[in-house]
Amino acid sequence: MEYAEVSVNSPVARRQTFSYAVPPNLHIQVGQAVLVPFGDKELQGLVLELTDCPSVSETREIAGVIDPQPLLSTPQVMLARWISEYYLSPLFEAVALMLPPGFKRKLITYLSTPPSPHDQDLSSLSREQRYTLDLLSDKERVSLKELEKSLGKKRAQNLTAQLVRRGLAVRSYELEAVRVRPKLEPYLSLKLSADKVQPEVDRLRKKRAPKQAALLSYLALKARPVAWAEARRETNCSRAIASALASKGLVAIQQVEVRREPFSYHDIPRQEPLSLTAAQKRALEGIKSSLEASASPDTASRVFLLHGVTGSGKTEVYLQALAHAVTLGKKGIVLVPEISLTPQTIERFAARFPHRVAVLHSKLSLGEQFDEWQRIRTGDFDVVIGPRSAVFAPQANLGLIVIDEEHEWTYKQQDTSPRYQTRDVALKLAELTGATVILGSATPDVESFYHAQIGDYQLLELPERVVPDEGSPLPEVEIVDLREELKAGNRSIFSRSLSQAVTRATGNKEQAILFLNRRGGATFIQCRNCGYVLTCRRCAVSLTYHINEDVLVCHQCNYRTAVPQTCPRCLSPRIKFLGTGTQKLEQAARERFPQARLLRWDSDTARGKDAHREILNRFRAHQADILIGTQMVAKGLDLPLVTLVGVVNADISLNLPDFRAGERTFQLLSQVLGRAGRGTPGGKVIIQTYFPEHYAIQAAAKHDYNLFYEQEIGYRRKLHNPPFSRLARLTYSHTSDILCQRGAERMKKRLSEEISSQGIDSLSLIGPAPAFIHRLRGRFRWHLILRGAEPSTFLSRIPLPPGWVVDIDPLGLA
Ligand code: ADP
Ligand code: ZN
Ligand code: ZN
């Protein structure tokens, strides 16, 4: 007898598989989707393993197969297991990442009367029970949903449960219909041989049916089935004309499955590889030899960190590495942050690999995603491009995984389980498949760079921009010390320097961007006089100001302190300065630059699917002189008229209550600087700050990654933060703040006891503290941070009560 270990689509299954017997008439493979009995239901499951001995003595049989082909490859099955174990997520949720879009369907519950008549005395039934029974007895079966509509949800559930208990009704289940089906389109084809066409056309003309005649000769000309839409467009005929030909037996109208094309190759001319610069060549050589020696079990020789500023030719290296993989009979996956999934990026790949590029992104309809998935599985594409979820594409023969802008935060799935980091998933997948990985960035994640330094990855440098970009040198950067402004009597949020520069640029009919590097609603208190920010001594992060309670809180350890009356450093009474939002900035700009036309770009003004593009287009068309915005502005495309970028307050991201604040600031500023240099020469960036000497600002202004890295890695080492430790964040939510806090404290006690009883001195607990977003959708949130060598392994042995969420390797503690 053969048995299968199945991951079952049920919340109670958690990280476990269940053993089922394989019935003799079924052929079951690893990676196959099946239907299995589970409790009194039948649920979806995925076969993860086939064995001779089940893990329990009593097994039930697999009920049926959902798809005859395995949906997951063997490496994907192993990857799913790893994700579930490492990120502590339910196993089926990890499996579901790799299933075709739309697969995770719901089960529908049906009720019916039992087949054999009962001999019960119905007079003992309540009126409602009898009414429900009547509803059932008319029909073969009724869905629970329908009953809920007529009886109300709770009542329908109670009443049917009562009837089932008495044997008067039975339940059955069915999977909800597939929401996505292959797209069908009517096609016309000739039903008569070529030599018979002309006589028919003549006959139709004689009978005064010129449109039918025209359509018939058009179809004869094409000599292949033609889409109805195309035929109608070209011959300008109506559906009735086609039907008339069909009813005469001259033409067949058939529904043909067609591909939903997410983009058209129509206008994209084929492009040949460029001849590489010396640095590009060196990088490509290393990658090529790794692709050729893919059997090597040593992952370190197969992971590359490609470090080069924007415009240094990284994408060209990706393209040529992919082309090499293809010549070796392999395929690739290219991951990009969602926001940079622009037509330009896609076109560059499409021009190099015509008709061999699949694009996955969330703006595609479910139907389009489904079609792409099926075609990828069939092996139609050399390259799959997409955001983080594309790492799970069913791309067989995987030779190369590229992660562009590897430092971007969108690579971490934060809001839903599994809370995976795409970079680590890609590395694991590469280990399982023998694929090569390229991590590319202008500002690598400090952790990635550290791994490259100690030899876990191979570092490839592209130190300069490519020649054709000669006209746009890196922009001039000026750092303005805001303390000096106040001393000089300037109380505006615009320094004298920024103010003059904006006036000059707009006066010259050029454009300016005012950038606010704000994320979320971080509120810190800063001395308006000297820039001093209150921080937690223990955690070395900024304290967050809670307006309602008028108190400062550390969001890591819950240290609390009152707002001081005067600045602890300079004794100025102007301590309670709360920073600026985009709206306030817009208002100030309107007053300061009354002649300029303003455009605001933030999540308030850019709602809806195309809002971003519309705002950018308006600005590019010079319908505004000054663009005001947050992060999004930094990702804006090349804007040739922009000669000035003003970073209004660099301290905002610097004071995030998070140990990654310095890194975040460096990345954001570098990105803004990269933009400014792309337009006309002579571009200028002005950074306003109270911390002009801060290493993140200094290094960004000098375009010097190494300067930043050396400082940052020193701090990480000293404070024992990643990469020198790993973190797990445990968040508890509850409708009551005080119960939430107590729950978090109980958990801390429990975990500390566990840590000391197991004698793990490499683990420490920080907190509990209110989460940075303390209240979310009506629930309060407190969190605990576990720091040490292997928090995930430790936590895997501890069942967490409901209400708790674990995030392994969280992005921010904020
Ligand atoms: P990155 O991905 O690092 O931003 P790209 O690969 O996009 O850099 O290159 C920047 C620009 O330089 C692009 O317009 C690209 O076509 C061009 N380019 C890249 N490599 C070469 C090369 N070897 N020769 C000529 N032009 C190149
Ligand atoms: Zn001060
Ligand atoms: Zn603290």
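Above: the structure in question.
Nothing here was measured: the structure is a model prediction, and the numbers come from that model. (Residues numbered from 1 in each chain as written. Chains lettered and ligands numbered in written order. Predicted model: local features only at pLDDT ≥ 70, side-chain atom pairs only at ≥ 80, totals over all residues. Heavy atoms only, no water.)

*Asks:* Honestly, the overall build of the chain in this entry has me stumped. Any pointers?
*Replies:* A count of helical and extended segments in the chain gives 26 helices and 32 strands. Its C-alpha atoms put the chain at 90 × 80 × 60 Å along the principal axes. Classification of the 814 residues of the chain by burial places 53% in the buried group. Put simply, of all contacts in the chain between residues at least 6 apart along the chain, 74% involve residues at least 24 apart. Carbon together with sulfur atoms contributes 50% to the accessible area of the chain, which is approximately 38,000 Å² in total. In the chain, 107 positive and 87 negative side-chain charges are present, and the distance between their average locations comes to 5 Å. (Helix = DSSP H or I, 4+ residues; strand = E, 2+ residues; numbered from the N terminus. Buried < 20%, exposed > 50% of the residue type's maximum accessible area, 1.4 Å probe, protein only. Contact = heavy atoms within 4.5 Å. Areas by Shrake-Rupley, 256 points an atom, 1.4 Å probe, with all protein chains shown as cover. Lys, Arg positive; Asp, Glu negative; His and termini not counted. Charge placed at Lys NZ, Arg CZ, Asp CG, Glu CD.)

*Asks:* Help me understand the site of ligand 1, please; the structure alone is not making it clear to me.
*Replies:* Lining the immediate environment of ligand 1, one finds 16 residues, of which Ser275, Gln280, Gly311, Thr315 and Arg348 sit closest. Contact distances for ligand 1 include 2.8 Å between a nitrogen atom and a side-chain N or O atom of Gln280. Between Arg348 and ligand 1, the recorded distance is 2.6 Å, taken from a side-chain N or O atom to an oxygen atom. For the shell around ligand 1, the element with the most residues is helix α11 (residues 314-327), which contributes three residues. Of the residues in the shell around ligand 1, the class split is five nonpolar, eight polar and three charged. (Near = heavy atom within 4 Å. Polar contact = N/O pair within 3.5 Å; in protein donor to acceptor, adjacent residues only side chain to side chain. Nonpolar A, V, L, I, M, F, W, Y, C, P; charged D, E, K, R; others polar.)

*Asks:* Teacher, can you tell me more about unusual backbone geometry here?
*Replies:* Most peptide bonds are trans, and most residues other than glycine sit at a negative phi. In this structure, Pro723 follows Pro722 across a cis peptide bond, with omega equal to 10°. Of note, Pro723 is situated in the loop between α24 (705-719) and β29 (726-734). Between Gly767 and the following residue, Pro768, the backbone shows a cis peptide bond with an omega angle of 5°. Positive phi, close to 55°, is recorded for Asn397, a residue that is not glycine. In this structure, Asn397 sits in the loop between β16 (383-386) and β17 (398-404). With a phi close to 60°, His720 is a non-glycine residue in the positive phi region. Residue classification places His720 among the partly exposed positions, given a relative accessible area of 39%.

*Asks:* Just checking my understanding: could you explain the coordination of the zinc ion (ligand 2) for this structure?
*Replies:* When a metal holds four donors in a tetrahedron, each ideal angle between them is 109.5 degrees; when it holds six in an octahedron, the ideal angles are 90 or 180 degrees. Protein coordination at the zinc ion (ligand 2) comes from Cys527 (SG), Cys530 (SG), Cys567 (SG) and Cys570 (SG), with a distance range of 2.2 to 2.3 Å. In this structure, the zinc ion (ligand 2) is coordinated by four donor atoms arranged in tetrahedral fashion, with angles at the metal of 105 to 112°. Each donor residue of the zinc ion (ligand 2) belongs to the same chain, and together they define the spacing C-x2-C-x36-C-x2-C. With a gap of 40 residues between them, Cys530 in the loop between β21 (511-515) and β22 (544-546) and Cys570 in the loop between β24 (560-562) and α18 (582-592) connect regions that are remote in the sequence. By relative accessible area, Cys570 is classed as partly exposed at 28%. (Donors = N, O, S within 2.8 Å, 3.2 Å for Na, K, Ca; no water. Tetrahedral: all angles 85-135°; square planar, octahedral: opposite > 155°, others 65-115°.)

*Asks:* Sorry, what's going on with the nonpolar core here?
*Replies:* One recurring pattern in soluble globular proteins is that nonpolar side chains are buried together. Ile83, Leu99, Leu730, Leu751, Leu786 and Leu795 are the most contacted members of the largest nonpolar core, which has 111 residues in total. The leading source of residues in this core is helix α1 (residues 74-86), at six residues. Sequence-distant contacts of Leu795, defined by excluding residues within four places in its chain, comprise Leu88, Ala728, Leu730, Leu751, Leu786, Val806 and Ile808. (Core = buried A, V, L, I, M, F, W, Y, C linked by side-chain atoms within 4.5 Å.)

*Asks:* It is not clear to me how the sheet that holds β24 should be interpreted in this structure. Could you clarify?
*Replies:* As a general point, the strands of a sheet are linked pairwise by backbone hydrogen bonds and lie either parallel or antiparallel. With antiparallel pairing, three strands are arranged side by side in an open sheet as β22-β23-β24. Each of the sheet's edge strands pairs with one partner strand only, and the pair in question is β22 and β24. Strand-to-strand, the axes of this sheet are offset by a mean angle of 35°, without reference to chain direction. With three bridges joining them, strand β23 (residues 551-553) and β24 adopt antiparallel strand pairing. The residue bridging Val553 from the neighbouring strand is Arg560, located in β24. (Pairing = 2+ DSSP bridges. Axes fitted to C-alpha atoms, helices over the stretch in contact; angles between N-to-C directions.)

*Asks:* Sorry if this is basic, but what is going on with the environment of Pro418 here?
*Replies:* Its location among the elements puts Pro418 in the loop between β17 and α14 (422-433). Since its relative accessible area comes to 1%, Pro418 is described here as buried. For the pair Pro418 and Ser84, spaced 334 residues apart in the sequence, the C-alpha separation amounts to 7.4 Å. In this structure, Pro418 is in contact with Ile83, Ser89, Glu93, Ala94, Leu97 and Gln413, ignoring residues within four places of it in sequence.

*Asks:* Looking at this structure, how should I read the packing of aromatic side chains?
*Replies:* Note on aromatic pairs: each is described by the distance of the centres and the angle between the planes. Going through the model one piece at a time under the given rule, you end up with 16 aromatic pairs. Measuring from ring centre to ring centre gives 5.1 Å for Phe18 and Phe38, while their planes differ by 85°; the resulting arrangement is edge-to-face. Placement of the pair is Phe18 in strand β2 (residues 18-21) and Phe38 in strand β3 (residues 33-38), with a sequence separation of 20 residues. Between the aromatic rings of Tyr732 and Trp804, the centroid separation amounts to 4.8 Å while the plane-to-plane angle is 20°, which identifies the pairing as stacked. Of this pair, Tyr732 sits in strand β29 while Trp804 sits in strand β32 (residues 804-808), and the two are 72 residues apart along the sequence. In this structure Tyr732 comes out as buried when scored by relative accessible area, which is 12%. (Phe/Tyr/Trp six-rings, centres within 6.5 Å; stacked < 30°, edge-to-face > 60°.)

*Asks:* Explain the sheet that holds strand β30 (residues 764-776) to me, please; I cannot follow it from the model alone.
*Replies:* If you trace the four strands from one edge of the open sheet to the other, you get β30-β31-β29-β32, paired in antiparallel fashion. Two strands bound the open sheet, and with one partner strand each, they are β30 and β32. If you compare each strand with its neighbour and ignore which way they point, the axes differ by 25° on average. Sheet topology note: the β29/β32 ladder contains five bridges and is antiparallel. Note on β32: the bridge partner recorded for Ala728 is Ile808.

*Asks:* What is the right way to read a positive patch on the surface from this model?
*Replies:* On the surface, Lys145, Lys149, Lys153 and Lys154 cluster together into a positively charged patch. For the positive patch, the elements supplying multiple residues, two or more each, are α4 (144-151) and α5 (153-165). Note that Lys154 resides in helix α5. (Patch = residues over 30% accessible without salt bridge, like charges linked within 9 Å, V, L, I, M, F, W, Y side chains within 5 Å. Salt bridge = Lys/Arg side-chain N within 4 Å of Asp/Glu carboxyl O.)

*Asks:* Is there a simple way to think about the pairing of β2 in this case?
*Replies:* Where a strand is regular, its side chains alternate between the two sheet faces. Relative to β2, strand β1 (residues 3-8) runs antiparallel, the two being bridged by four bridges. Residue Ala4 lies in a different strand from β2, and its bridge partner there is Tyr20. Across two bridges, the pairing between β2 and strand β5 (residues 60-61) is parallel. Its bridge partner being in β5, Ala21 is matched across the sheet by Glu61.

*Asks:* Help me out: how do you make sense of the packing of α4 against α5 in this one?
*Replies:* Two quantities define a packed helix pair, namely the angle between the helix axes and the distance between the axes. Two numbers describe how α4 lies on α5: the axes approach to 7 Å, and their chain directions differ by 120°. Judged by the inter-axis angle, α4 sits oblique to α5. The way α4 lies across α5 gives a crossing that is right-handed. Here Leu144, Leu147, Glu148 and Leu151 of α4 come into contact with α5, specifically with Lys153, Arg155, Ala156, Gln157, Leu159 and Thr160. Partitioned by chemical class, the residues of the contact of α4 with α5 number five nonpolar, two polar and three charged. (Parallel < 35°, antiparallel > 145°, perpendicular 65-115°, else oblique. Left-handed = near helix turned anticlockwise from the far one by under 90°.)

*Asks:* Where do I start with the pattern of salt bridges in this structure?
*Replies:* Opposite charge on two side chains makes pairing possible when the charged atoms of those side chains draw close. Inspection of every chain in the model, using the stated rule, returns 26 salt bridges. Of the charged contacts in the structure, one is a salt bridge between Glu316 and Arg352, with a shortest N-O distance of 3.0 Å. Of the two residues, Glu316 is situated in helix α11 and Arg352 in helix α12 (residues 343-352); the sequence distance between them amounts to 36 residues. Neither Glu316 nor Arg352 differs from the other in exposure class; each is buried. Close ionic contact of Lys428 with Glu431 constitutes a salt bridge, the shortest N to O distance being 3.4 Å. Taken together, the residues Lys428 and Glu431, both in helix α14 and three residues apart, mark about one turn of the helix. Assessed through its relative accessible area of 43%, Glu431 is described here as partly exposed. Taken together, the shared-partner salt bridges in this structure form one network comprising Glu406, Arg423 and Asp445.

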